[in-house]
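Structural overview
Chain by chain, the residues run as shown.
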Amino acid sequence: MDHFLYRDGVLHAEDVPLPEIAAAVGTPVYVYSTATLARHYRLFAEALAPLPHLVCFAVKANSNVAVLRTLGDLGAGMDVVSGGEYLRAKAAGVPGSRIVYSGVGKTVAEMRLALGGGVRQVNVESEAELRQLSAVAAGMGLRAPIALRVNPDVDAGSHDKISTGRKTDKFGVPISRARAIYAEAATLPGIEVVGIDMHIGSQLTELAPFEAAYRKLADLAAVLRADGHRIARLDLGGGLGIPYAQTNEAPPLPSDYGAMVKRVLGHLDCEIEIEPGRLICGNAGVLVASVIYEKHGEDRDFLIVDAAMNDLVRPAMYGAHHDIVPVIEPAPGTARAPVDVVGPVCESGDTFARQRPLPPLGAGALVAFRSAGAYGAVMASEYNSRPLVPEVLVSGGDFAVVRARPSFDEMLARDTLPPWMSGEAG
Ligand code: LLP
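Please read all numbers here as calculations on a predicted model, not as lab measurements. The written sequence of each chain sets the order in which its residues are numbered from 1. Where local features are concerned, this predicted model is filtered to residues with pLDDT of at least 70; where side-chain atom pairs are given and counted, the filter is 80 or more; whole-chain, interface and lining totals use all residues. Excluded from the side-chain calculations are hydrogens and water; all other atoms, namely the structure's heavy atoms, are used.

Digging into the site of the ligand
As a reminder, the rule being used: We call a residue near a molecule or strand whenever a single non-hydrogen atom of that residue lies within 4 Å of it. In protein, a polar contact requires one atom able to donate a hydrogen and another able to accept it; more generally it is a pair of N or O atoms within 3.5 Å, and residues adjacent in sequence count only if both atoms are side-chain atoms. All accessible-area figures derive from a Shrake-Rupley calculation using a 1.4 Å probe, and residue coverage is judged against the displayed protein chains alone. A pocket, in this scheme, is an open set of points on a 1 Å grid over the protein atoms alone with protein on both sides within 12 Å along at least 5 of 7 lines, while a cavity is a set where a 1.4 Å probe fits but cannot get out; residues line either one if an atom lies within 4 Å of a point. Put plainly, a molecule is in a cavity or pocket when over half of its atoms are within 2 Å of the grid points there. Note on residue classes: Ala, Val, Leu, Ile, Met, Phe, Trp, Tyr, Cys and Pro are nonpolar, Asp, Glu, Lys and Arg are charged, and everything else, Gly too, is polar. Where each domain starts and ends comes from a domain assignment, either automatic or drawn from a database.
Within the structure, the ligand sits among 18 residues, and Ser 202, Glu 275, Arg 278, Arg 314 and Tyr 375 are positioned closest to it. Between an oxygen atom of the ligand and a main-chain N or O atom of Gly 239, the distance comes to 2.8 Å. In isolation the ligand has 590 Å² of accessible area, and contact with the protein removes 92% of it. Taken atom by atom, the bulk of the ligand overlaps the largest pocket. When grouped by side-chain class, the residues that make up the shell around the ligand number six nonpolar, six polar and six charged. Counting only domains with at least three residues in the shell around the ligand, you end up with domain 1 (4-31 + 283-413) and domain 2 (34-281).

As for helix α3 (residues 65-73)
Using the following cut-off: Each residue is assigned to one of three classes by its accessible area relative to the maximum for its type, calculated with a 1.4 Å probe on protein chains only: buried under 20%, partly exposed between the two thresholds, exposed over 50%. What counts as a helix is a DSSP run of H or I of at least four residues, what counts as a strand is a run of E of at least two, and both are numbered from the N terminus.
What α3 keeps buried is the set Val 67, Leu 68, Thr 70, Leu 71 and Gly 72. Following α3 by one or two positions, Gly 75 adopts a phi angle in the positive range, close to 110°.

Concerning the layout of surface pockets
Where empty space is left in the structure can be found by rolling a water-sized probe over the atoms. Definition in use: Grid points are joined across faces, edges and corners, and a volume is the space filled by probe spheres set on the points.
Here the largest pocket defines a volume of roughly 590 Å³. For the largest pocket, the lining is made up of 27 residues, of which Lys 60, Thr 164, Phe 171, His 199 and Tyr 375 are closest to its centre. Across the lining of the largest pocket, the residue classes tally to nine nonpolar, eight polar and 10 charged. Among the domains, domain 1 (4-31 + 283-413) and domain 2 (34-281) are the pair contributing at least three residues each to the lining of the largest pocket.

Some thoughts on the packing of aromatic side chains
For clarity, the threshold we go by: Put simply, two rings from Phe, Tyr or Trp (the six-membered ring, in Trp's case) pair if the centres are within 6.5 Å, and we call them stacked under 30 degrees between planes, edge-to-face over 60, tilted for the rest.
Within this structure, the stated rule accounts for seven aromatic pairs. Summarising the aromatic geometry, the rings of Tyr 30 and Tyr 32 are spaced 6.3 Å apart at their centres and angled 25° between planes, so their arrangement reads as stacked. Judged by relative accessible area, which is 0%, Tyr 30 ranks as buried. Classification of Tyr 32 by relative accessible area gives buried; the value is 1%. Clustering of aromatic rings is evident, with ring pairs tying together Phe 44, Phe 210, Tyr 214 and Tyr 257.

Description of the pattern of salt bridges
A side chain of one charge can pair with a side chain of the opposite charge when the charged atoms of the two come close. Operational definition: For this analysis, a salt bridge means a side-chain nitrogen from Lys or Arg found within 4 Å of a carboxyl oxygen belonging to Asp or Glu.
Counted under the stated rule, the structure contains 22 salt bridges. The salt bridge involving Asp 15 is made with Arg 7; its shortest N-O contact spans 2.7 Å. Take Arg 7: its relative accessible area is 39%, and that puts it in the partly exposed class. Ionic pairing is found between Arg 414 and Glu 382, a salt bridge with its closest N-O pair at 2.9 Å. You can see Arg 414 sitting in the segment after α12 (408-413) and its partner Glu 382 sitting in the loop between β19 (366-369) and β20 (391-395), a full 32 residues away along the chain. Among the charged side chains, a network of salt bridges with common partners joins Arg 120, Arg 233, Glu 271 and Glu 273.

Let's talk about the environment of Ala 307
Rules: Here a residue-residue contact requires only that any non-hydrogen atoms of the pair lie within 4.5 Å.
Turning to its location among the elements, Ala 307 is positioned in the loop between β15 (301-305) and α11 (314-318). For Ala 307, a relative accessible area of 0% gives the class buried. On a C-alpha basis, the gap between Ala 307 and Ser 290 in space is 7.6 Å, while along the polypeptide they are 17 residues apart. If we skip the residues at most four places from it in the chain, Ala 307 touches Pro 28, Leu 287, Ala 289, Gly 343, Pro 344, Phe 352 and Arg 386.

Observations concerning the sheet that holds strand β1 (residues 4-7)
Sheets are built from strands that pair by backbone hydrogen bonding, the pairs being arranged parallel or antiparallel. How we decide: Here, any two strands with at least 2 DSSP bridges between them count as paired.
Spatially, three strands are ordered β1-β2-β3 in an open sheet, and the strand pairing comes out antiparallel. Two strands close off the open sheet at either side, each with one partner strand: β1 and β3 (16-17). Where β1 and strand β2 (residues 10-13) come together, four bridges link them in antiparallel fashion. Paired with Leu 5 across the two strands is His 12, which belongs to β2.

A closer look at helix α8 (residues 208-226)
The condition is simple: Multiply 1.5 Å by the residue count of a helix minus one, and that product is the helix's expected span.
The first and last C-alpha atoms of α8 sit 28 Å apart over 19 residues, in line with the 27 Å expected at 1.5 Å per residue. Tucked into the core, α8 has its buried residues touching β9 (144-151), α7 (178-185), β11 (191-197), β12 (233-235) and α9 (254-265).

Describing the environment of Leu 43
Residue placement: Leu 43 occurs in helix α2 (residues 34-48). It is 31 Å that separates the C-alpha atoms of Leu 43 and Ala 22, two residues lying 21 residues apart in sequence.

Quick notes on the state of the cysteines
As used here, a disulfide is simply a covalent bond connecting the sulfur atoms of two cysteines. Put simply, the test is: Disulfides are defined as cysteine sulfur pairs within 2.5 Å.
Taken as a whole, this structure holds zero disulfides when the rule is applied. Here Cys 270 is not disulfide-linked; the sulfur of Cys 56 is the nearest cysteine sulfur, at 15 Å.

Overview of unusual backbone geometry
A cis geometry characterises the amide bond from Thr 27 onward to Pro 28, with omega recorded as -5°. Structurally, the position occupied by Pro 28 is in the loop between α1 (18-25) and β4 (29-33). Of note in this structure, Ser 371 is not a glycine but carries a positive phi near 55°. Among the structural elements, Ser 371 can be located in the loop between β19 and β20. At Asn 384, a residue that is not glycine, the phi angle is positive and equals roughly 65°. Secondary-structure assignment places Asn 384 in the loop between β19 and β20.

Observations regarding the side chain of Ser 102
Structurally, Ser 102 can be placed in the loop between β7 (99-101) and α5 (108-117). Residue Ser 102 is classed as buried on the basis of its relative accessible area of 5%. Looking at Ser 102, its side chain comes within polar contact range of the side chain of Asn 123, at 3.1 Å. Excluding its chain neighbours within four sequence positions, the residues that come into contact with Ser 102 are Asp 79, Val 80, Val 81, Asn 123 and Glu 275.

Listed below in structure tokens is the structure:
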């Protein structure tokens, strides 16, 4: 459920009509709903209770500081994968004690940043990284709290590019080697073992792969405890999928997921950490765009909108489906005709949807790409020198720009000429 509904024939974000935001900020623009973010966070928190738990929002899904602040104020922790994400979580007021640092290639500078600023736990992905982290922490007079990310060799059954728990994927250490690496970790001066970490992929639409992986995790926890390690936390990663098409998809609910976690891991007396991104913010955001032109081709009709692959890359990159809806609700019984919805970027890949049945939409009409709150703005670029897409947060009847669209002057000012090019262009 989300808070983007038609009222009197106009699509609203909570109590704000989307045309009002489009008129004030221009298009394309991302619009997020505070109420949806809060609802989805609470669904996870309730699903895991009464187990001791921390829901760490995966910052990579939406790193706007206002979004992070919304979740942080509700008590969420954060899962970060770069120095930049760590600083964003901090800027949102989230204390280091609620920040988990993940990622397959942390640099020494990033390790120093997180250890110096405070971190709940570092999820370590290789022996080389473990030794490096120990050296950095020991040099700072600290012991880094760690969980080792183990790769369970389970196929998440998701898109190939976002499945991460197979032995052919670059993530984690093979679960078969975990015992030996934990034994080494126990001897390192800058390391304190606190738990085990796992993340098998994103946009999972079945519970079975999670359950298979978590059973392996439970077995490993027992073995490691018998070896004398303190396994107080289990970080289960993120990955629960969302319905992208309003018609036929029904991925498991957070409550189903929570019940499975309790069944498989509840007896271990561990604190459970999860790292959901998409389920919390995906359906909490839409991308609003305007139609620039209709074009009648020889083979098909095109709807050219002012959003493009640089603003929302998921269709071009993963062949992902996003529902596209008119902001002004068509009259009942309006006929729909198939169109290709495309952006202005100079690649055929800049296609959001092929042969999508839509009502007639003339130049200037507003459309909303649904389920765009996760992996939308964060993956945006300025390709084709298009300004980075702005973001707006709605709360009840209020809205505010939480990332402004840069001006062309600001974009140009970031480039500088080398000294040997001074003088007039010729
Ligand atoms: N934890 C770790 C270690 C991750 O790598 C990820 C996502 C998550 C948590 C959050 O997963 P979620 O709950 O959002 O599924 N750009 C792609 C998705 C990439 C996911 C990468 N890792 C997309 O647009 O579908």
